[in-house]
Amino acid sequence: RAYRKLVLTAGNAGIDQSLYAVLGLEPSASAEEVRRAYRKMVLTAGNAGIDQSLYAVLGLEPSASAEEVRRAYRKLVLTCHPDKVREEAAKPAAEKRFQAIVTAHEVLGDTVRRSEYDKRARLNGAASDDVLVNITLKEALAGATKLAMVPMKKKCVWCVGVGMKCDACVACGGTRVVHQQQGSQPCSPCHGRGFGEPVVCKSCKGVGSTEEFFQGRVVVPAGAAAGARIQIDRCPQHARIHVMPSKIFSRDGATIISILKLTAEEAEAGGFFEVETLHGKETVFIDESAKSGDAKVLEGKGLPLHQLQG
């Protein structure tokens with residue numbers, strides 16, 4: 001998806017450099033190679049190869065909200081488009097900056113990618129071994145117990161952590177000797193060792209360990225905020241909370257926003273109406289001649305004010 005956006009952007013902006021070259025690929029690259037190259041470029045942006053962090057590209061602090069990311073991107077797209085540059089000598093730099101802006105928005109505009117980037121760049125209190133845990137708005141209100149899939153390194157059982165494996169000699173079957181008419185003789189193919197030449201372990205690919213997962217318990221307190229870090233039970237890692245978007249509600253800190261849809265006649269007449277809240281349906285009174293965008297505050301129906309210590 002990100003690559004398709006870059007293609008459309010490049011086509012409109014008249015970028016001279018091949019998009020394959022931007023990703024360090026040949027035009028014959030497969031779709032999987034494109035995906036890996038793009039992911040590598042994005043995830044290493046905070047550590048090497050790019051002087052600015054993705055937040056700095058958009059002129060933002062790492063604590064910027066999703067709305068601030070969206071506004072900054074829209075502003076920069078309008079002001080930094082390469083088509084606005086008339087001097088040919090300045091076009092390559094403008095095109096490079098525009099590509100950096102698109103990449104920054106692709107990452108920071110997506111909650112999961114942004115969390116992964118923060119982990120790699122160690123921003124917003126994130127650590128490289130944080131585990132993402134999804135919760136709903138209702139779970140953020142009432143609290144919940146979730147299970148996190150925690151990765152762990154385990155010594156390879158096939159090579160005992162060595163990374164190399166020596167199979168039994170085919171000629172002697174591991175006995176180190178071969179039986180001939182004149183008696184037993186040391187096995188010449190394995191030089192009497194009983195095993196062949198060491199080869200890379202197929203199980204761990206030579207690393208010496210394999211990655212496995214176990215389910216760690218995460219107790220999410222009531223009022224958990226998006227991005228909060230919570231210690232995983234009996235585990236050194238932390239869970240990083242992602243509050244999933246709701247089809248019914250939107251959120252502004254501890255405030256939950258619910259939309260009440262009225263016809264023109266109902267808005268003009270006013271009266272009692274039912275509105276959805278996280279606590280269930282509530283009856284509210286709407287004054288006569290209500291206008292679109294009017295707000296009605298229901299005290300105590302948002303999220304509890306709760307500060308988590310990361």
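Higher on the page you've got the structure.
Please read these numbers as outputs of a predicted model, since none were measured by experiment.

With that out of the way, let us pick up the pairing of strand β1 (residues 131-135). Alternating positions in β1 separate cleanly, Val131, Val133 and Ile135 being buried on one face and Leu132 and Asn134 remaining unburied on the opposite face. Relative to strand β9 (residues 238-243), β1 is paired through 5 bridges, and the arrangement is parallel. The residue of β9 that forms the bridge with valine 133 is isoleucine 241.

Interaxial distance between helix α6 (residues 91-108) and helix α7 (residues 111-121) falls to 6 Å at its minimum, and their mutual angle equals 100°. By the angle class used here, α6 and α7 are roughly perpendicular. In this structure, α6 uses Glu106, Val107 and Leu108 to contact α7, whose residues at the interface are Arg113, Arg114 and Tyr117.

Further remarks concern α7. For α7, the complete set of buried residues consists of Arg114, Ser115, Tyr117, Asp118, Lys119 and Ala121. Once α7 ends, the next one or two residues include arginine 122, with phi positive near 55°.

Attention now moves to the packing of aromatic side chains. Applying the stated rule across the entire model yields 2 aromatic pairs. Taking 6.1 Å as the distance between ring centres and 50° as the angle between the ring planes, the aromatic pair formed by tyrosine 55 and tyrosine 117 counts as tilted. Remark: tyrosine 117 occurs in helix α7 and tyrosine 55 occurs in helix α4 (residues 54-57); sequence separation between them is 62 residues. Residue classification places tyrosine 117 among the buried residues on the basis of a relative accessible area of 0%.

With that settled, the discussion passes to the pattern of salt bridges. Taken as a whole and judged by the stated rule, the model has 7 salt bridges. When the shortest N-O distance is used, the salt bridge between arginine 70 and glutamate 67 registers 2.5 Å. Of this pair, arginine 70 and glutamate 67 both sit in helix α5 (residues 66-79), separated by 3 residues, roughly a single helical turn. On the basis of relative accessible area, arginine 70 is assigned to the partly exposed category, the value being 36%. Taking the shortest distance from any N to any O, the salt bridge between lysine 146 and glutamate 139 comes out at 3.3 Å.

Judged by nonpolar contacts, the single largest core of 22 residues is most densely connected at Ile135, Val218, Ile232 and Ile241. For this core, the elements supplying multiple residues, two or more each, are β1, α8 (137-142), β2 (144-155), β7 (209-220) and β9. Ignoring anything within four residues of it in the chain, the contact list for isoleucine 232 reads Val131, Ala148, Val150, Gly216, Arg217, Val218, Gln237, His238 and Ala239.

The subject of this paragraph is the sheet that holds β1. Ordered in space as β1-β9-β8, the 3 strands form an open sheet in which the pairing is mixed. Of all the strands in the sheet, the pair left with one neighbour each is β1 and β8 (229-231). This sheet shows a mean twist of 40° between the axes of neighbouring strands, independent of strand direction.

Reading the values: the criteria
- Residues numbered from 1 in each chain as written.
- Predicted model: local features only at pLDDT ≥ 70, side-chain atom pairs only at ≥ 80, totals over all residues.
- Heavy atoms only, no water.
- Buried < 20%, exposed > 50% of the residue type's maximum accessible area, 1.4 Å probe, protein only.
- Helix = DSSP H or I, 4+ residues; strand = E, 2+ residues; numbered from the N terminus.
- Pairing = 2+ DSSP bridges.
- Axes fitted to C-alpha atoms, helices over the stretch in contact; angles between N-to-C directions.
- Parallel < 35°, antiparallel > 145°, perpendicular 65-115°, else oblique.
- Contact = heavy atoms within 4.5 Å.
- Phe/Tyr/Trp six-rings, centres within 6.5 Å; stacked < 30°, edge-to-face > 60°.
- Salt bridge = Lys/Arg side-chain N within 4 Å of Asp/Glu carboxyl O.
- Core = buried A, V, L, I, M, F, W, Y, C linked by side-chain atoms within 4.5 Å.

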